[in-house]
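# Remarks on the overall topology
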Amino acid sequence: VVEISESPASESQKRKLLPLVSTVIAALLALVFGFNNYHLRQQLALNEAEIAQQKELIAMLQDSQTKLVSLKSMEETSTASGNVIYTPGHPEGVLLIQNLPVLPSGKFYYLWCIVNGKKVASGYFNSNPQGRVFVKLPLSIDSGLSGVAVTVEVSPNPPIPGPTVMMSFKGN
């Protein structure tokens, strides 16, 4: 049986490598924790923004003048539905929609208010990957709102309404 003993040179090399390996491991751990911290901060910022939106919506709903207009999909196979919530005389309203498909790049959803028989442009938006919309849009409506419509557009500033995908119906 032959015994292999470690030479003093290999023991010396191990001692020199130990701090280097420890430094590499510490750097990798710092990188992992840093990335995790960054991700958590992004999620926290999104959650805080969502809470702020919900607080604004709650405040709007507490106003006795606030009105709600329901939206339904124009397509029988679609389950998209939602509401426009606004207070007459206030510059903004809230659009809430669920089950609205995400549009391909270069296309936009657009909200139109039907005021005194004319479609008045409000603003563009898109749904999130879960098909939900929660957005504030300009809605300077004092009176005469008879409905709302959502169209699909190829420009964020369309001169005329494109194809209608959602609309409010009588009784809403």
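In case you missed it, the structure is sitting above this.
Now for the pairing of strand β3 (residues 92–98). The buried fraction of β3 amounts to five of the seven residues, a majority that puts the element mostly inside the structure. Where strand β2 (residues 81–86) and β3 come together, six bridges link them in antiparallel fashion. Within β3, the residue paired with Val-84 across the bridge is Leu-95. Both β3 and strand β6 (residues 133–138) contribute to a ladder of six bridges, which runs antiparallel. Across the sheet, residue Val-94 finds its bridge partner in β6, namely Lys-136.

A few words now on the nonpolar core. With 24 residues, the main nonpolar core has Val-84, Leu-95, Ile-97, Leu-111, Phe-125 and Val-150 as its most contacted residues. At the level of secondary structure, the elements contributing two or more residues to this core comprise β1 (67–73), β2, β3, β4 (108–115), β6, β7 (145–153) and β8 (164–167). Excluding its chain neighbours within four sequence positions, the residues that come into contact with Phe-125 are Leu-95, Ile-97, Leu-100, Phe-108, Tyr-109, Tyr-110, Leu-111, Val-133, Val-135, Leu-137 and Val-150.

Mapped onto the fold, Gln-54 is located in helix α1 (residues 8–61). For Gln-54, a relative accessible area of 35% translates into the label partly exposed. For the pair Gln-54 and His-90, spaced 36 residues apart in sequence, the C-alpha separation works out to 17 Å.

Even without being a glycine, Asn-99 presents a positive backbone phi close to 65 degrees. Its location among the elements puts Asn-99 in the loop between β3 and β4. For Asn-116, which is not a glycine, the phi torsion comes out positive at approximately 50 degrees. By the element assignment, Asn-116 lies in the loop between β4 and β5 (118–125). For Asn-116, a relative accessible area of 63% corresponds to the exposed category.

Conventions we followed
- Residues numbered from 1 in each chain as written.
- Predicted model: local features only at pLDDT ≥ 70, side-chain atom pairs only at ≥ 80, totals over all residues.
- Heavy atoms only, no water.
- Buried < 20%, exposed > 50% of the residue type's maximum accessible area, 1.4 Å probe, protein only.
- Helix = DSSP H or I, 4+ residues; strand = E, 2+ residues; numbered from the N terminus.
- Pairing = 2+ DSSP bridges.
- Core = buried A, V, L, I, M, F, W, Y, C linked by side-chain atoms within 4.5 Å.
- Contact = heavy atoms within 4.5 Å.

Function cannot be inferred from these measures alone, as they are strictly geometric.
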